[in-house]
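Below are the chains, spelled out letter by letter.
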Amino acid sequence: MGYNKENFRRIREAFATKYRTARERADRRLEEAWAAVPGLREADIELSRVGLEIMKAISAGGDTAAMIAKIRVRNEELQAKRSKLLRAAGYPADYTDLQYDCPACCDSGYADGVMCECMRRELIIAGCESSGIAQLMREQNFDNFTLDYYSSNIKHYEIMENVLTTAFRFANGFSEVGSGNLLFIGGTGLGKTHLSSAVAKRVIERGFDVLYVSAQGLISDFERERFGGGSYSGDGRDVGRYFYCDLLIVDDLGAEVTNQFTVSCLYNVINTRLNLRKSIIISTNLSKKELESRYAERITSRIFGEYKILAFAGTDVRRQKLSQK
Ligand SMILES: Nc1ncnc2c1ncn2[C@@H]1O[C@H](COP(=O)(O)OP(=O)(O)OP(=O)(O)O)[C@@H](O)[C@H]1O
Ligand SMILES: [Mg+2]
Ligand SMILES: [Zn+2]
């Protein structure tokens, strides 16, 4: 899985801290209870002795079952005694127990060698935040993308049905490499950004590292890196992520200023990712012709040669929504 590496490192560290904190708290409470509850320490010493006996019985072999059953009864008696002592002194019976946020993995993040649901959830939340469109994904996703807005024209409807199916399949079948690239092309308000956001959300939920950026934002980041003297880490967006994230979404290509520098940045990202077989989704308002006259051939030939072109159709949904209000 391609979880964002920085998030992964940070969350693993947070889990390790959580685990350590739980242990330290239990240790502190035990010290406190031993000092305050007469007989508790002795009961605990006895309990650990019983634990040792179980181990010994197992390693000695022979009729271990009967032996262990006997020791287990003694263990339960001692546990009951310990609870009683604690309660009598005004403590809850589980006061000195290790208390984890997630009992399934004891806050280690893994259970039986596989990543626990609790850690996966944390990674997804962090993935949304580092994708650049956390808010958008809450509002624009597959659940509320409807074909109704295209239904006044059967041809448009069929085109958009195909666009939706293709995007949906792309998101659900996405893998780190070799998933191909998409170009969302079409007029304003037809759902290009909405569908990009939907794909991003689904792909993040499936455990991949997604980065969403407007073409202008991408250029600004490269400019800052160039003029900021090398390794840029200003607002947290490292341009390296444009090359190594699992899925890059570049929205609104054509809305940025175009010059030699910006074209070379775009070329770099597009070409490197093609070579690495890492996917990009590009959205644009420009037509094929406009793209060709605006960008160098080495860019457009790559896009039109290697990307699946999804031409959006219909009438401005932004307007349709306004007129419904
Ligand atoms: N099929 C749809 N179902 C529900 N809402 C939609 C749909 N298509 C678009 N919308 C909504 O209409 C608005 C405009 O859509 P969106 O921003 O995706 O258009 P766009 O194609 O990216 O336009 P632009 O080219 O201007 O960036 C958004 O609020 C979006 O949620
Ligand atoms: Mg848009
Ligand atoms: Zn867990």
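What counts, and at which threshold
- Residues numbered from 1 in each chain as written.
- Chains lettered and ligands numbered in written order.
- Predicted model: local features only at pLDDT ≥ 70, side-chain atom pairs only at ≥ 80, totals over all residues.
- Heavy atoms only, no water.
- Helix = DSSP H or I, 4+ residues; strand = E, 2+ residues; numbered from the N terminus.
- Rg over C-alpha atoms; globule rule 2.2 N^0.38 Å.
- Buried < 20%, exposed > 50% of the residue type's maximum accessible area, 1.4 Å probe, protein only.
- Contact = heavy atoms within 4.5 Å.
- Areas by Shrake-Rupley, 256 points an atom, 1.4 Å probe, with all protein chains shown as cover.
- Lys, Arg positive; Asp, Glu negative; His and termini not counted.
- Charge placed at Lys NZ, Arg CZ, Asp CG, Glu CD.
- Pairing = 2+ DSSP bridges.
- Domains from an automatic or database assignment.
- Expected span 1.5 Å × (residues − 1).
- Arc of directions from axis to C-beta.
- Near = heavy atom within 4 Å.
- Polar contact = N/O pair within 3.5 Å; in protein donor to acceptor, adjacent residues only side chain to side chain.
- Nonpolar A, V, L, I, M, F, W, Y, C, P; charged D, E, K, R; others polar.
- Salt bridge = Lys/Arg side-chain N within 4 Å of Asp/Glu carboxyl O.
- Axes fitted to C-alpha atoms, helices over the stretch in contact; angles between N-to-C directions.
- Parallel < 35°, antiparallel > 145°, perpendicular 65-115°, else oblique.
- Phe/Tyr/Trp six-rings, centres within 6.5 Å; stacked < 30°, edge-to-face > 60°.

1. Some thoughts on the overall build of the protein
Here is step 1: Counting secondary structure elements, the protein contains 13 helices and 7 strands.
Here is step 2: In terms of overall size, the protein is more extended than a compact globule, its C-alpha atoms giving a radius of gyration of 29 Å where 325 residues would be expected to give roughly 20 Å.
Here is step 3: C-alpha extents for the protein along the principal axes are approximately 85 × 50 × 45 Å.
Here is step 4: Within the span of the protein, comprising 325 residues, buried residues form 41% of the whole.
Here is step 5: Taking the intrachain contacts of the protein between residues at least 6 apart in sequence as the baseline, contacts between residues at least 24 apart amount to 79%.
Here is step 6: Roughly 17,800 Å² of accessible area belongs to the protein as shown, and the carbon and sulfur atoms make up 51% of that amount.
Here is step 7: Charged side chains of the protein number 46 positive and 43 negative; the gap between the two group centres comes to 1 Å.

2. Section: the pairing of strand S3 (residues 181-185)
Here is step 1: Of all 5 residues in S3, 5 are buried, a share of seventy percent or more.
Here is step 2: Because side chains alternate across S3, one face comprises the buried residues Asn181, Leu183 and Ile185, and the other comprises Leu182 and Phe184, equally buried.
Here is step 3: Pairing geometry for S3 and strand S7 (residues 307-311), over 5 bridges, is parallel. What sits directly across from Ile185, in S7, is Ala311.
Here is step 4: Judged from the 4 bridges that link them, S3 and strand S6 (residues 279-284) form a sheet pairing that is parallel. Across the sheet, Leu183 pairs through a bridge with Ile282, a residue of S6.

3. Focus on the domain arrangement of the protein
Here is step 1: What the domain assignment reports for the protein is domain 1 (5-115) and domain 2 (132-324).
Here is step 2: The C-alpha centroid of domain 2 is placed 52 Å from the C-alpha centroid of domain 1.

4. Things to note about helix H6 (residues 154-172)
Since the α-helix turns once every 3.6 residues, residues separated by three or four places project in the same direction.
Here is step 1: With 19 residues, H6 ought to run about 27 Å at 1.5 Å a step, and its terminal C-alpha atoms sit 27 Å apart, in line with that.
Here is step 2: Those residues of H6 lying buried are Met160, Val163, Leu164, Thr166, Ala167, Phe170 and Ala171. Buried residues of H6, seen end-on, are gathered within an arc of 165° and therefore sit on one face of the element. Exposed side chains of H6 directed beyond 90 degrees from the buried face belong to Ile154, Lys155 and Arg169.
Here is step 3: On the buried face of H6, the contacting elements are S3, helix H7 (192-205), strand S5 (247-253), S6 and S7.

5. Some points on the site of ligand 1
Here is step 1: Among the 18 residues in the neighbourhood of ligand 1, the closest are listed as Thr188, Gly189, Lys192, Thr193 and His194.
Here is step 2: Within the backbone of Gly191, a nitrogen or oxygen atom sits 3.1 Å from an oxygen atom of ligand 1.
Here is step 3: Between ligand 1 and Asn285 there is a distance of 3.1 Å, counted from an oxygen atom to a side-chain nitrogen or oxygen.
Here is step 4: Coverage of ligand 1 by the protein amounts to 90% of the 620 Å² it exposes when considered alone.
Here is step 5: Broken down by class, the residue content of the shell around ligand 1 amounts to 5 nonpolar, 10 polar and 3 charged.

6. A word on the pattern of salt bridges
Here is step 1: Across all of its chains, the model carries 13 salt bridges by this definition.
Here is step 2: The salt bridge partner of Glu292 is Lys288, with a shortest N-O separation of 3.6 Å. Of this pair, Glu292 and Lys288 both sit in helix H11 (residues 288-294), 4 residues apart, which is roughly one turn of that helix.
Here is step 3: Each of Glu6, Arg9 and Glu13 takes part in one network of salt bridges that share partners.

7. Details of the packing of helix H1 (residues 5-36) against helix H2 (residues 40-60)
Here is step 1: Two numbers describe how H1 lies on H2: the axes approach to 7 Å, and their chain directions differ by 125°. If you check the angle between H1 and H2, you find them oblique. Facing Leu30, Ala33 and Trp34 of H1, the residues of H2 in contact are Leu40, Arg41 and Asp44.
Here is step 2: When its residues are assigned to classes, the contact of H1 with H2 shows 4 nonpolar, no polar and 2 charged.

8. As for the packing of aromatic side chains
Here is step 1: On inspection of all chains with the given rule, the structure shows 9 aromatic pairs.
Here is step 2: Taken together, a centroid distance of 5.1 Å and an interplanar angle of 85° make the contact between Phe142 and Phe168 edge-to-face. With Phe142 in the loop between helix H5 (134-139) and H6 and Phe168 in helix H6, the pair connects residues that are 26 residues apart, well separated along the chain.
Here is step 3: With relative accessibility at 15%, the residue Phe142 sits in the buried group.
Here is step 4: Classification of Phe168 by relative accessible area gives partly exposed; the value is 42%.
Here is step 5: With a centroid separation of 5.6 Å and an interplanar angle of 25°, the aromatic rings of Phe222 and Tyr242 are classed as stacked.

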